[in-house]
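# Observations on chain architecture
Residue strings, one per chain:
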Amino acid sequence: MRLAGKVAIITGAGSGIGRATALLFAAEGAGVVVADCAAAGARETVDQIRRQRGQAIAVQADVSAAADVQRMVETAVATYGRLDILVNNAAVTIPASVVEASEEVWDRTMAIDLKGVFLPSKYAIPHMIAGGGGVVINL
(Lines give C-alpha, C1' and ligand atoms only; values in the text may rest on other atoms or scores of the structure.)
Protein backbone atom coordinates (compact mmCIF):
# COMPACT_ATOMS: atom_id res chain seq x y z
CA MET A 1 0.00 0.00 0.00
CA ARG A 2 2.12 2.83 -1.33
CA LEU A 3 -0.32 5.58 -0.33
CA ALA A 4 -1.29 4.36 3.14
CA GLY A 5 -2.03 7.32 5.39
CA LYS A 6 -2.08 9.81 2.51
CA VAL A 7 -5.05 11.96 1.50
CA ALA A 8 -5.80 12.84 -2.11
CA ILE A 9 -8.27 15.15 -3.79
CA ILE A 10 -9.03 14.07 -7.34
CA THR A 11 -11.05 16.48 -9.46
CA GLY A 12 -13.24 15.12 -12.22
CA ALA A 13 -13.31 11.79 -10.39
CA GLY A 14 -16.94 11.03 -11.15
CA SER A 15 -16.01 9.25 -14.38
CA GLY A 16 -13.25 8.31 -16.79
CA ILE A 17 -9.59 8.82 -15.93
CA GLY A 18 -10.49 10.60 -12.69
CA ARG A 19 -12.56 7.63 -11.52
CA ALA A 20 -9.80 5.19 -12.47
CA THR A 21 -7.28 7.31 -10.57
CA ALA A 22 -9.52 7.48 -7.50
CA LEU A 23 -9.99 3.70 -7.51
CA LEU A 24 -6.25 3.14 -7.84
CA PHE A 25 -5.32 5.63 -5.11
CA ALA A 26 -7.88 4.08 -2.74
CA ALA A 27 -6.59 0.58 -3.52
CA GLU A 28 -3.13 1.85 -2.60
CA GLY A 29 -4.40 3.03 0.78
CA ALA A 30 -5.16 6.72 0.31
CA GLY A 31 -8.19 8.47 1.73
CA VAL A 32 -9.77 9.92 -1.41
CA VAL A 33 -11.89 13.01 -1.94
CA VAL A 34 -13.85 12.34 -5.10
CA ALA A 35 -14.60 15.80 -6.49
CA ASP A 36 -16.85 16.32 -9.48
CA CYS A 37 -19.46 18.78 -10.69
CA ALA A 38 -21.81 15.79 -11.17
CA ALA A 39 -22.85 14.62 -7.72
CA ALA A 40 -24.23 11.30 -8.97
CA GLY A 41 -20.96 10.37 -10.67
CA ALA A 42 -18.97 11.29 -7.57
CA ARG A 43 -21.23 9.16 -5.38
CA GLU A 44 -20.91 6.23 -7.79
CA THR A 45 -17.11 6.41 -7.61
CA VAL A 46 -17.26 6.54 -3.81
CA ASP A 47 -19.57 3.51 -3.78
CA GLN A 48 -17.10 1.58 -5.94
CA ILE A 49 -14.22 2.52 -3.63
CA ARG A 50 -16.13 1.54 -0.51
CA ARG A 51 -17.14 -1.81 -2.04
CA GLN A 52 -13.40 -2.45 -2.35
CA ARG A 53 -13.02 -1.45 1.34
CA GLY A 54 -11.36 1.85 0.54
CA GLN A 55 -11.91 5.25 2.15
CA ALA A 56 -13.59 7.98 0.13
CA ILE A 57 -16.00 10.88 0.32
CA ALA A 58 -17.80 12.70 -2.48
CA VAL A 59 -17.73 16.47 -2.86
CA GLN A 60 -19.73 18.20 -5.56
CA ALA A 61 -17.62 21.11 -6.79
CA ASP A 62 -17.18 23.31 -9.84
CA VAL A 63 -13.40 23.71 -10.15
CA SER A 64 -13.85 27.08 -11.83
CA ALA A 65 -15.64 28.54 -8.77
CA ALA A 66 -13.42 29.66 -5.90
CA ALA A 67 -16.06 29.09 -3.20
CA ASP A 68 -16.62 25.50 -4.37
CA VAL A 69 -12.89 24.80 -4.46
CA GLN A 70 -12.32 26.28 -1.00
CA ARG A 71 -15.15 24.10 0.35
CA MET A 72 -13.71 21.05 -1.41
CA VAL A 73 -10.27 21.55 0.16
CA GLU A 74 -11.65 22.42 3.60
CA THR A 75 -13.89 19.32 3.50
CA ALA A 76 -10.87 17.15 2.71
CA VAL A 77 -8.85 18.57 5.60
CA ALA A 78 -11.80 18.47 8.02
CA THR A 79 -12.57 14.85 7.11
CA TYR A 80 -9.08 13.39 7.00
CA GLY A 81 -7.01 15.89 9.00
CA ARG A 82 -4.48 16.52 6.23
CA LEU A 83 -3.94 16.85 2.48
CA ASP A 84 -1.05 15.22 0.63
CA ILE A 85 -2.02 14.89 -3.03
CA LEU A 86 -4.01 16.98 -5.50
CA VAL A 87 -4.84 15.51 -8.89
CA ASN A 88 -6.13 18.24 -11.22
CA ASN A 89 -8.02 16.04 -13.67
CA ALA A 90 -11.30 17.87 -14.31
CA ALA A 91 -11.60 19.01 -17.92
CA VAL A 92 -14.04 19.54 -20.75
CA THR A 93 -13.65 19.67 -24.49
CA ILE A 94 -15.29 21.91 -27.01
CA PRO A 95 -17.90 19.77 -28.78
CA ALA A 96 -17.56 21.73 -32.01
CA SER A 97 -15.05 23.23 -34.38
CA VAL A 98 -13.62 26.67 -33.69
CA VAL A 99 -15.92 28.08 -36.35
CA GLU A 100 -19.00 26.51 -34.76
CA ALA A 101 -18.15 27.04 -31.08
CA SER A 102 -19.75 29.92 -29.24
CA GLU A 103 -17.81 32.35 -27.12
CA GLU A 104 -19.71 31.08 -24.07
CA VAL A 105 -18.58 27.50 -24.74
CA TRP A 106 -15.00 28.72 -25.18
CA ASP A 107 -15.12 30.71 -21.93
CA ARG A 108 -16.54 27.75 -19.97
CA THR A 109 -13.87 25.44 -21.40
CA MET A 110 -11.09 27.83 -20.42
CA ALA A 111 -12.59 28.30 -16.96
CA ILE A 112 -12.64 24.58 -16.25
CA ASP A 113 -9.45 23.55 -18.06
CA LEU A 114 -7.25 26.44 -16.88
CA LYS A 115 -8.82 28.09 -13.86
CA GLY A 116 -9.72 24.56 -12.72
CA VAL A 117 -6.01 23.86 -12.26
CA PHE A 118 -5.18 27.24 -10.72
CA LEU A 119 -7.89 27.36 -8.02
CA PRO A 120 -7.47 23.85 -6.59
CA SER A 121 -3.70 24.36 -6.50
CA LYS A 122 -4.09 27.79 -4.87
CA TYR A 123 -6.21 26.44 -2.02
CA ALA A 124 -4.61 22.99 -1.59
CA ILE A 125 -0.92 23.93 -1.56
CA PRO A 126 -1.01 25.90 1.72
CA HIS A 127 -2.42 22.81 3.49
CA MET A 128 0.28 20.65 1.93
CA ILE A 129 3.00 23.04 3.06
CA ALA A 130 1.52 23.10 6.58
CA GLY A 131 1.61 19.30 6.60
CA GLY A 132 5.24 19.09 5.51
CA GLY A 133 4.80 18.77 1.75
CA GLY A 134 2.70 17.21 -0.94
CA VAL A 135 2.27 16.52 -4.61
CA VAL A 136 0.23 18.23 -7.33
CA ILE A 137 -0.46 16.20 -10.47
CA ASN A 138 -1.88 18.05 -13.46
CA LEU A 139 -3.46 15.91 -16.16
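Residues numbered from 1 in each chain as written. Predicted model: local features only at pLDDT ≥ 70, side-chain atom pairs only at ≥ 80, totals over all residues. Heavy atoms only, no water.

## Looking at the pairing of strand S2 (residues 31-36)
The buried fraction of S2 is high, at six of six residues. Burial along S2 is two-sided: the residues Gly31, Val33 and Ala35 and Val32, Val34 and Asp36 are all buried. Here S2 pairs with strand S3 (residues 55-60) via six bridges, running parallel. Looking at the pairing, Gly31 lines up with Gln55 of S3. After leaving S2, the chain enters helix H2 (residues 39-51) and then returns to the sheet as S3, a path that is right-handed. (Buried < 20%, exposed > 50% of the residue type's maximum accessible area, 1.4 Å probe, protein only. Helix = DSSP H or I, 4+ residues; strand = E, 2+ residues; numbered from the N terminus. Pairing = 2+ DSSP bridges. Right-handed = clockwise from strand over helix to strand, strands pointing away.)

## Here we look at the pairing of strand S1 (residues 7-11)
Of all five residues making up S1, five are buried, and the element is well covered by its neighbours. By the alternation rule, side chains of S1 split into Val7, Ile9 and Thr11 and Ala8 and Ile10, which are all buried. Pairing analysis gives five bridges linking S1 to S2, with the strands arranged parallel. Bridging across to S2, Thr11 finds its partner in Ala35. Following the backbone out of S1, through helix H1 (residues 16-27) and into the adjacent parallel S2, one traces a crossover that is right-handed. Note: S1 against strand S4 (residues 85-88), three bridges, orientation parallel. Counted as the bridge partner of Ala8 is Ile85 from S4.

## Here's the deal with the environment of Asp107
Position of Asp107 relative to the elements: it lies in helix H4 (residues 103-130). When the C-alpha positions of Asp107 and Ala13 are compared, they lie 22 Å apart, and in sequence the two are 94 residues distant.

## Side note on the sheet that holds strand S5 (residues 135-138)
Spatial strand order, S3-S2-S1-S4-S5: five strands in an open sheet with parallel pairing. Because the sheet does not close on itself, it has two edges, and the strands there are S3 and S5. For this sheet the average axis-to-axis angle between neighbouring strands, irrespective of direction, equals 15°. Across the sheet, helix H3 (residues 66-80) lies against S1, S2 and S3, angled at about 155° from S3, the strand it touches most. Docked against the sheet, H4 engages S4 and S5, running at close to 180° with respect to S4. (Axes fitted to C-alpha atoms, helices over the stretch in contact; angles between N-to-C directions. Contact = heavy atoms within 4.5 Å.)

## Remarks on unusual backbone geometry
The phi dihedral of Arg53 falls on the positive side, at around 70°, and the residue is not glycine. Checked against the element boundaries, Arg53 lands in the loop between H2 and S3. By relative accessible area, which is 79% here, Arg53 ends up exposed.

## Quick look at H4
For H4, spanning 28 residues, the distance from its first C-alpha to its last is 40 Å, which sits close to the expected 40 Å at 1.5 Å a residue. When the local axis directions of H4 are compared, the greatest deviation, roughly 45°, occurs at Lys115. For H4, the complete set of buried residues consists of Thr109, Ala111, Ile112, Gly116, Leu119, Pro120, Ser121, Ala124 and Met128. On its buried face, H4 is in contact with H3, S4 and S5. Where H4 terminates, the next one or two residues include Gly132, which has phi positive at roughly 100°. (Expected span 1.5 Å × (residues − 1). Bend = angle between axes of the 7 residues up to and from the residue.)

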